[in-house]
Amino acid sequence: MIKEPATRLAVLMAREGNIGAVPRALNQKALDGGLDIVDASVEALTTFILFGGAYYDKSVEAAYDPMPWALRGEVGKKVRMAMNKALDRDKINEAIFDGQGSKQWVATLHPSFDGYFPAWDAKWEELYGYDPERAKELLTEAGFPNGFEVREKLFTLSSVPEQPDFMEAAAGMREAIGLNPKLEEVEFSRWREKYRGLETQCCVYPFRGPAAPIATRVHFYFSPERFFRDAVTDTITANKNKALGTTDSAEAAKLWKAVADELYVEVHTMPLFTQPVQAIIDPEIIADYVFLGPPGGSYNNFENIKGVRK
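Residues numbered from 1 in each chain as written. Predicted model: local features only at pLDDT ≥ 70, side-chain atom pairs only at ≥ 80, totals over all residues. Heavy atoms only, no water.

Examining the pairing of strand S8 (residues 278-281)
Logical step 1: Of the two faces of S8, the one holding Gln278 and Ile280 and the one holding Ala279 and Ile281 are both buried throughout.
Logical step 2: Two elements, strand S1 (residues 19-20) and S8, share two bridges in a ladder whose sense is antiparallel. Pairing of Ile19 across the sheet is with Ile281, part of S8.
Logical step 3: Pairing of strand S2 (residues 36-39) with S8 involves four bridges; the strand directions are antiparallel. In the strand pairing of S8, Asp36 is matched with Ile281. (Buried < 20%, exposed > 50% of the residue type's maximum accessible area, 1.4 Å probe, protein only. Helix = DSSP H or I, 4+ residues; strand = E, 2+ residues; numbered from the N terminus. Pairing = 2+ DSSP bridges.)

As structure tokens, this is what we get:
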């Protein structure tokens, strides 16, 4: 969890650590330094940016002054669209992820009960596609012609060491459409206290997780009992409860699709990429390391590590 990527790489190249993660853009330097790269072979990891504290529960909405992205109706949606359309995902992918991010961004945070919905493709450019001029228009239409302050939290998580890098890039892109980003570095343990304590309405922040079924995603992010404190609506909650309460798999799939469609069409997140999980290893110590992909982005299957026999 060393914050600086170059320091993490230096630790590995100095043979003071055996397994670690560095930004994918530094992979070649790791290889040049005699290290090896192993991955989970499947695109098991999703990366995204959360609209922190997007309350849609009337009982708590009056308890704080909501951020513009949390406002109800078309105003909030236009703000969320503008913040998405400010993101040049191709540039982030090439410059920060070494081009390894999957371009099926629409499935990043909302994998459905039955899989990816191709029908979403037709609305991608309108809702999420990079268009800074349209983003400025949306802010004006939403009543924010002069923008507003966006507090952004920066921290590193295992398997996505690029999180601070893509948040800094996103901040610059948001500034280009008239917003006022404020970057705040924070230790992840301290921010975890905030989102577990349901105190994230101040900010947008990065995260990563497994490409899990939508039931898991909704439980984590979009339910009243959620602990990442993203948007909750009456219709999401009703459809979720019905889906969990039926024994008819076809009916459950229909209800989960309604949830996924609402999340996607109402632009409730800032999806980025799906990608394979990678680890940098010291081949002088580790002969082989096979892992199946991280549940949540953490390395696992350490029992599969085979050491070099001396």
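Now, onward.
Considering the packing of helix H10 (residues 214-221) against helix H12 (residues 249-265)
Logical step 1: Direction vectors running N to C along H10 and H12 enclose 50 degrees, while the axes themselves pass 11 Å from each other. Classified by the angle between their axes, H10 and H12 sit oblique to one another. Crossing geometry of H10 relative to H12 is assigned as left-handed. Between H10, through Ile214, Ala215 and Val218, and H12, the contact on the second element is made entirely by Trp256, Val259 and Ala260. (Axes fitted to C-alpha atoms, helices over the stretch in contact; angles between N-to-C directions. Parallel < 35°, antiparallel > 145°, perpendicular 65-115°, else oblique. Left-handed = near helix turned anticlockwise from the far one by under 90°. Contact = heavy atoms within 4.5 Å.)

Focus: the nonpolar core
Logical step 1: Formed by 69 residues in total, the largest nonpolar core has its most connected members in Ile49, Trp69, Met83, Phe148, Phe166, Val204 and Phe207.
Logical step 2: By size, the runner-up hydrophobic cluster in this structure holds seven residues, among which are Leu12, Val22, Leu26 and Ala30. (Core = buried A, V, L, I, M, F, W, Y, C linked by side-chain atoms within 4.5 Å.)

Section: the confidence of the model for the protein
Logical step 1: Summary statistics for the protein give a mean pLDDT of 82 and a share of 83% for residues scoring 70 or more.
Logical step 2: Looking across the protein, the model is least confident in helix H3 (residues 58-61), with a mean pLDDT of 48, and most confident in helix H7 (residues 132-141), with 98.
Logical step 3: The low-confidence segment residues 56-64 (pLDDT under 50) makes 18 contacts with residues lying over four places distant or belonging to another chain.
Logical step 4: Confidence drops under a pLDDT of 50 for residues 105-115, and excluding neighbours within four residues, the segment shows 42 contacts in the predicted structure. (pLDDT = per-residue confidence, 0-100.)

Some thoughts on the pattern of salt bridges
Opposite charge on two side chains allows them to pair when their charged atoms are near.
Logical step 1: Applying the stated criterion across every chain yields a total of twelve salt bridges.
Logical step 2: A salt bridge links Arg24 to Glu162, with the nearest nitrogen and oxygen atoms 2.8 Å apart. Separated by 138 residues along the polypeptide, Arg24 in the loop between S1 and helix H2 (27-32) and Glu162 in the loop between strand S4 (149-154) and helix H8 (163-175) bring together distant segments of the chain.
Logical step 3: A relative accessible area of 0% places Glu162 in the buried class.
Logical step 4: Residues Glu184 and Lys153 are paired through a salt bridge, measuring 2.6 Å at the closest nitrogen-oxygen approach. (Salt bridge = Lys/Arg side-chain N within 4 Å of Asp/Glu carboxyl O.)

Quick look at the packing of aromatic side chains
Logical step 1: Per the stated rule, a full pass over the model turns up twelve aromatic pairs.
Logical step 2: Geometrically, the ring pair formed by Tyr289 and Phe302 is stacked, given 6.2 Å between the ring centres and 20 degrees between the ring planes. In this pair, Tyr289 sits in the loop between strand S9 (286-288) and strand S10 (306-307) while Phe302 sits in the loop between S9 and S10, placing the two residues 13 residues apart along the sequence.
Logical step 3: Among the residues examined, Tyr289 registers a relative accessible area of 2% and is labelled buried.
Logical step 4: Grouped by ring-pair contacts, the aromatic residues Phe48, Phe220, Tyr221 and Phe222 constitute a single cluster. (Phe/Tyr/Trp six-rings, centres within 6.5 Å; stacked < 30°, edge-to-face > 60°.)

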